[in-house]
Amino acid sequence: PCRSVLTVACEQTEVLLFDPISSKHIKTLSEAHEDCVNNIRFLDNRLFATKKNDTTIALWDLRKLNTKVCTLHGHTSWVKNIEYDTNTRLLVTSGFDGNVIIWDTNRCTEDGCPHKKFFHTRFLMRMRLTPDCSKMLISTSSGYLLILHDLDLNKSLEVGSYPILRARRTTSSSDIASSGSSGPRAVGSPCHQNDSGPLSEKHMSRSSQREGGSPRNSLEVLTPEVPGERDRGNCITSLQLHPKGWATLLRCSSNTDDQE
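Residues numbered from 1 in each chain as written. Predicted model: local features only at pLDDT ≥ 70, side-chain atom pairs only at ≥ 80, totals over all residues. Heavy atoms only, no water.

**Student:** Mind showing me how you'd approach the UniProt feature "repeat: WD" (unreviewed entry) in the protein here?
**Tutor:** UniProt annotation of "repeat: WD" (unreviewed entry) refers to residues 30–63 and 72–104 when read in the numbering used here. Helix makes up 0% of residues 72–104 and strand 61%, and the two end C-alpha atoms of the span are 11 Å apart. (UniProt positions renumbered as here; feature names shortened; annotations may be inferred. Helix = DSSP H or I, 4+ residues; strand = E, 2+ residues; numbered from the N terminus.)

**Student:** Quick question: what am I supposed to make of the packing of aromatic side chains here?
**Tutor:** Each aromatic ring pair is characterised by the separation of its centres together with the angle its planes make. Under the definition given, this model contains two aromatic pairs. Both rings, one in Phe42 and one in Phe48, keep their centres 5.2 Å apart while their planes meet at 45°; by these two values the pair is tilted. What makes Phe48 buried here is its relative accessible area of 0%. Among the aromatic side chains, those forming a connected cluster through ring pairs are Phe42, Phe48 and Trp60. (Phe/Tyr/Trp six-rings, centres within 6.5 Å; stacked < 30°, edge-to-face > 60°. Buried < 20%, exposed > 50% of the residue type's maximum accessible area, 1.4 Å probe, protein only.)

**Student:** Even after reading the chapter, I still don't get the state of the cysteines, so can you show me in this structure?
**Tutor:** Two cysteines joined by a covalent bond between their sulfur atoms form a disulfide. Per the stated rule, a full pass over the model turns up one disulfide. There is a disulfide in this structure between Cys108 and Cys113, and the S-S distance comes to 2.1 Å. Its S-S torsion of approximately 60° makes the covalent link between Cys108 and Cys113 right-handed. Accessibility expressed as a relative area gives 8% for Cys113, which makes it buried. Between Cys252, a free cysteine, and Cys235, which holds the nearest cysteine sulfur, the sulfur-to-sulfur gap is 8.2 Å. (Disulfide = S-S within 2.5 Å.)

**Student:** Honestly, the sheet that holds strand 5 (residues 47–52) in this entry has me stumped. Any pointers?
**Tutor:** Strand pairing in a sheet is mediated by backbone hydrogen bonds. Such pairs are either parallel or antiparallel. Read across the sheet, four strands follow the order 4-5-6-7 without closing on themselves; strand pairing throughout is antiparallel. Here the strands that pair on one side only, and so sit at the sheet edges, are strand 4 (37–42) and strand 7 (70–73). Each adjacent strand pair in this sheet contributes to an overall mean axis angle of 25°, direction not counted. (Pairing = 2+ DSSP bridges. Axes fitted to C-alpha atoms, helices over the stretch in contact; angles between N-to-C directions.)

**Student:** Is there a simple way to think about the environment of Asn99 in this case?
**Tutor:** Within the fold, Asn99 resides in strand 10 (residues 99–103). It is 6.8 Å that separates the C-alpha atoms of Asn99 and Thr121, two residues lying 22 residues apart in sequence.

**Student:** Please clarify how the environment of Asn66 should be interpreted in this entry.
**Tutor:** Mapped onto the secondary structure, Asn66 falls in the loop between strand 6 (56–61) and strand 7. Residue classification places Asn66 among the exposed residues on the basis of a relative accessible area of 72%. It is 8.0 Å that separates the C-alpha atoms of Asn66 and Leu29, two residues lying 37 residues apart in sequence.

**Student:** Would you mind showing me how to read the pattern of salt bridges here?
**Tutor:** When their charged atoms lie close together, side chains carrying opposite charge are able to pair. In total, this model carries seven salt bridges according to the counting rule given. We note a salt bridge from Arg41 to Glu83, for which the minimum N-O separation is 2.7 Å. Linking Arg41 in strand 4 with Glu83 in strand 8 (residues 79–85), this pair joins segments that are 42 residues apart in sequence. Residues Arg251 and Glu260 are paired through a salt bridge, measuring 2.9 Å at the closest nitrogen-oxygen approach. Beyond isolated ion pairs, a larger network of salt bridges with shared partners links Arg41, Glu83 and Arg128. (Salt bridge = Lys/Arg side-chain N within 4 Å of Asp/Glu carboxyl O.)

Pasting the structure below:
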């Protein structure tokens, strides 16, 4: 965040550190993990997290790079994304086990950090937080894009504890804008279909409303339409957000893996 160090995740277990002004190579963490390192996330100006294609996350301190601060265990399948909520100072990870887990890095020990499951959905692929940490976006291998609005990471989401805002197929930005002014409501949702989507009908049974305010962690379900692919099904394999949170870029592949 202070722009003083550039970190690079590499194959062959390495993390490289550079001075971004002088381009000088500062240090190599030669055995950061036991396999290819594929994600790095800074939490503040000294602490950063790394992951590889396994179930663990490692925490590092720039002031003491000879050893990890700790290794975090909690996922049961590959960890695929690391995010950090600057509002609550919680680390947020997602994995192929369908879980989004939050970690209290302020209370770390050598054995790890206190953590709890925040959200679960089937077919989870990627998870991102918007730059202001007000929304969480999740893409799935079943073609759904999930958006949790007015995000509150201090409240774990159990089945039925969040309201559904909308569940719709969208094809253009004008379609999103035209429906953006509607209030919280539940409409015909694709996730009702034989529980093949990320959520089942029982998830929509209850709604949590803050007294005198809008609901926290309201869930919006989108089914982005890919031209020519309406009947083939899609997997949203990649998810990237605009730096100001204005838009999202999706990479989709057909379920038959013959087209992207």
